[in-house]
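Structure assessment
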Amino acid sequence: MRLAELSERSGVPTATIKYYLRERLLPPGERITATQAEYGEEHLRRLRLVRSLIQVGRMPVATAREVLAAAEDESLSQNARMGAAVWALPQGPGPDEDDPHAARAREQVDAVLGRMGWSYGQELGDTSPAYRMLVAAIASLDRLGYPHDTEHLLVHARLAGELAIADLDLVETYDTPPERVEAVVALTVLYEPVLLSLRRLAQTEESSRRFKE
């Protein structure tokens, strides 16, 4: 297909496609004349992934380029490819290392991971953006005096474990590593507001049931 058809089928403006080509986010088409090239189905798939990374995942172009390289690096495991994409997503703030609450929070996080048997998360530790974000969140709970003991946190951890199984079951329905990277980015970003909304709706329902007076 020519550039115009690629644009029409993908829904991406031609100017944006040309920009992706210049930034090496999209491989060049097969040159047929000095000024024209043809593009195939692989370009359509790549455009979906690029849009997931930049528009849905809000990644900078340079970061998206690194994730795309990882997604196609056959020397990397599937876990490493998807991990590179998820870690590149915008993350919440990490802990203030000068905050005395952070040290206690880190111990609490390690205790929860240990109880859950999440040894890989323990091994990654502070190299994981999610680990650092969790430490910061628990430090805030500690600072403000809200419950954050292991038993309270395990309730959320167990629910998260069930969600992770459902998420990865869905990701596995996609055939190729690049498609799975696209899916894990899109589903991580798009389902987080779904989870937040459902939790608030559930709280509203439970509050209505308990506190009718």
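Rules and cut-offs
- Residues numbered from 1 in each chain as written.
- Predicted model: local features only at pLDDT ≥ 70, side-chain atom pairs only at ≥ 80, totals over all residues.
- Heavy atoms only, no water.
- Helix = DSSP H or I, 4+ residues; strand = E, 2+ residues; numbered from the N terminus.
- Rg over C-alpha atoms; globule rule 2.2 N^0.38 Å.
- UniProt positions renumbered as here; feature names shortened; annotations may be inferred.
- Salt bridge = Lys/Arg side-chain N within 4 Å of Asp/Glu carboxyl O.
- Axes fitted to C-alpha atoms, helices over the stretch in contact; angles between N-to-C directions.
- Parallel < 35°, antiparallel > 145°, perpendicular 65-115°, else oblique.
- Left-handed = near helix turned anticlockwise from the far one by under 90°.
- Contact = heavy atoms within 4.5 Å.
- Nonpolar A, V, L, I, M, F, W, Y, C, P; charged D, E, K, R; others polar.

**Concerning the overall build of the protein chain**
Along the backbone of the protein chain there are 10 helices and 2 strands. In the protein chain, the order of α-helices and β-strands from amino to carboxyl end is α-α-β-β-α-α-α-α-α-α-α-α. Relative to a compact globule of 213 residues, whose C-alpha radius of gyration would be 17 Å, the protein chain shows 21 Å and is clearly more extended. If one aligns the C-alpha atoms of the protein chain with their principal axes, the spans along those axes are about 70 × 45 × 30 Å.

**Some thoughts on the UniProt feature "domain: HTH merR-type" (unreviewed entry) in the protein chain**
In the numbering used here, UniProt assigns the "domain: HTH merR-type" (unreviewed entry) feature to residues 1-70. Annotated as 61% helix and 6% strand, the span residues 1-70 places its first and last C-alpha atoms 27 Å apart.

**Quick word on the pattern of salt bridges**
Scanning all chains against the criterion turns up 10 salt bridges. We note a salt bridge from R9 to E41, for which the minimum N-O separation is 3.1 Å. Pair noted here: R9 is in helix α1 (residues 3-10) and E41 is in helix α3 (residues 41-56), with a separation of 32 residues, a long-range link. One salt bridge connects R106 with D126, and the closest N-O pair in it is separated by 3.2 Å. In this pair, R106 sits in helix α6 (residues 100-116) while D126 sits in the loop between α7 (119-124) and α8 (129-144), placing the two residues 20 residues apart along the sequence. Connected through salt bridges with shared partners, the residues E97, R106 and D126 form a single ionic network.

**Points about the packing of helix α9 (residues 150-171) against helix α10 (residues 177-210)**
The interhelical angle for the contact between α9 and α10, taken along N-to-C directions, is 140°, at an axis separation of 11 Å. Here α9 is positioned oblique relative to α10, judged by the angle of their axes. α9 and α10 meet at a crossing whose hand is right-handed. Two secondary-structure elements touch here, α9 through H156, L163, L170 and V171 and α10 through R180, A183, V184, L187, L195 and R199. Residues belonging to the contact of α9 with α10 are distributed by class as follows: 7 nonpolar, 1 polar and 2 charged.

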